Amino acid sequence: MTTTGSTRRGYHHGDLRRAVLDAALDVIAADGPGALSLRDLARRAGVSHAAPAHHFKDRTGLLTAIAAEGYELLAAALSGAPGLRERGVRYVRFAAAHPAHFQVMFRPDLHRPDDPALLAAKERAAAELRAGVAALPAGPGGSPGPRDTGVAAWSMAHGFATLLLTHNLDAALAGRDPGEVFGALAGLLGSAGVADSAQLPSPAGE
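Residues numbered from 1 in each chain as written. Predicted model: local features only at pLDDT ≥ 70, side-chain atom pairs only at ≥ 80, totals over all residues. Heavy atoms only, no water.

Mapped onto the elements, Arg85 comes out in helix α6 (residues 84–97). For Arg85, a relative accessible area of 27% translates into the label partly exposed. Sequence-wise, Arg85 and Leu185 are 100 residues apart; in three dimensions their C-alpha atoms are separated by 9.9 Å. (Helix = DSSP H or I, 4+ residues; strand = E, 2+ residues; numbered from the N terminus. Buried < 20%, exposed > 50% of the residue type's maximum accessible area, 1.4 Å probe, protein only.)

What follows is the structure in structure tokens.
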């Protein structure tokens, strides 16, 4: 999980935008996006109350920037994954490493949907997700197409990640690495016929 801003980083002159983003990520990780206040973030970053608005205009602008950064980080995490199952493992590990981004990214009600940076970042992440499905061999007639396979895989990885972040898997994991557990479950379900037994879940396309 992410660490607090006081131990992870500090404000340096000329890096106000980053300082506000980091303070926002700390608040979201602890209390959710509903707890965000630009005035409170300014206090946390040690800057004037008007400084966050200078960079983000308003709360929606800040959340849009966080979502865009999250999709960029997700695309980087998935890049070069050898198969669909590994993409699922990396998806789960991304969520565990960036819980605040994860909470915001999939809440379109929090963003500006036409923001160019957000749209570009979402497309880069989606391309990485689609790549995992594109590598799968063609199934027999009547089997789900690539898009449906991708949605099923994404649902599994995203559902696992969501349960993980809401602490619903604490007892089941018993201290084990979430990515490893997800990979094992994906392989188990694949061998049972839910998906290809050699490569399995991750999210695919939007």
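On we go from here.
Let us now look at unusual backbone geometry. The phi angle at Lys57 is positive, at roughly 70°, despite the residue not being glycine. Within the fold, Lys57 resides in the loop between α4 (51–56) and α5 (59–78). Positioned with a positive phi, Ala174 is a non-glycine residue whose angle comes to about 50°.

Under the definition given, this model contains eleven salt bridges. With its nearest N and O atoms 2.6 Å apart, the salt bridge here joins Asp40 to Arg43. In this pair, Asp40 and Arg43 are both assigned in helix α3 (residues 38–45), three residues apart and thus about one turn of the helix distant. When the shortest N-O distance is used, the salt bridge between Asp177 and Arg93 registers 2.6 Å. (Salt bridge = Lys/Arg side-chain N within 4 Å of Asp/Glu carboxyl O.)

So, about the packing of aromatic side chains. For the coordinates displayed, the defined rule picks out six aromatic pairs. With 5.9 Å between their ring centres and 70° between their planes, Tyr71 and Phe106 make a pair best called edge-to-face. Of the two residues, Tyr71 sits in helix α5 while Phe106 sits in the loop between α7 (99–105) and α8 (116–134), which places them 35 residues apart along the sequence. Looking at Tyr71, the relative accessible area reads 3%, which means it is buried. Taking 5.2 Å as the distance between ring centres and 65° as the angle between the ring planes, the aromatic pair formed by Phe102 and Phe106 counts as edge-to-face. Residue Phe102 is classed as buried on the basis of its relative accessible area of 6%. Three or more aromatic residues link up through ring pairs in this structure, and these residues are Tyr71, Tyr91, Phe102, Phe106 and Trp154. (Phe/Tyr/Trp six-rings, centres within 6.5 Å; stacked < 30°, edge-to-face > 60°.)

Now for the confidence of the model for the protein chain. Per-residue confidence for the protein chain gives a mean pLDDT of 83, with 79% of residues at or over 70. The element-level mean pLDDT for the protein chain is lowest in helix α1 (residues 5–8), coming to 40, with α7 highest at 98. Within the model, pLDDT remains below 50 along residues 1–13, and this stretch shows 24 contacts once partners closer than five positions in the same chain are excluded. Taken together, the stretch residues 192–206 has pLDDT below 50 and engages in 58 contacts with residues farther than four places along the chain or on a different chain. (pLDDT = per-residue confidence, 0-100. Contact = heavy atoms within 4.5 Å.)

Orientation of helix α2 (residues 16–31) relative to α5, taken along the N-to-C sense of each, is 85°, at an axis distance of 11 Å. In terms of orientation, α2 lies roughly perpendicular with respect to α5. Residues Arg17, Arg18, Val20, Leu21, Ala24, Leu25 and Ile28 of α2 form the contact with α5, whose own contacting residues are Leu62, Leu63, Ala65, Ile66 and Glu69. For the contact of α2 with α5, the class distribution of residues is nine nonpolar, no polar and three charged. (Axes fitted to C-alpha atoms, helices over the stretch in contact; angles between N-to-C directions. Parallel < 35°, antiparallel > 145°, perpendicular 65-115°, else oblique. Nonpolar A, V, L, I, M, F, W, Y, C, P; charged D, E, K, R; others polar.)

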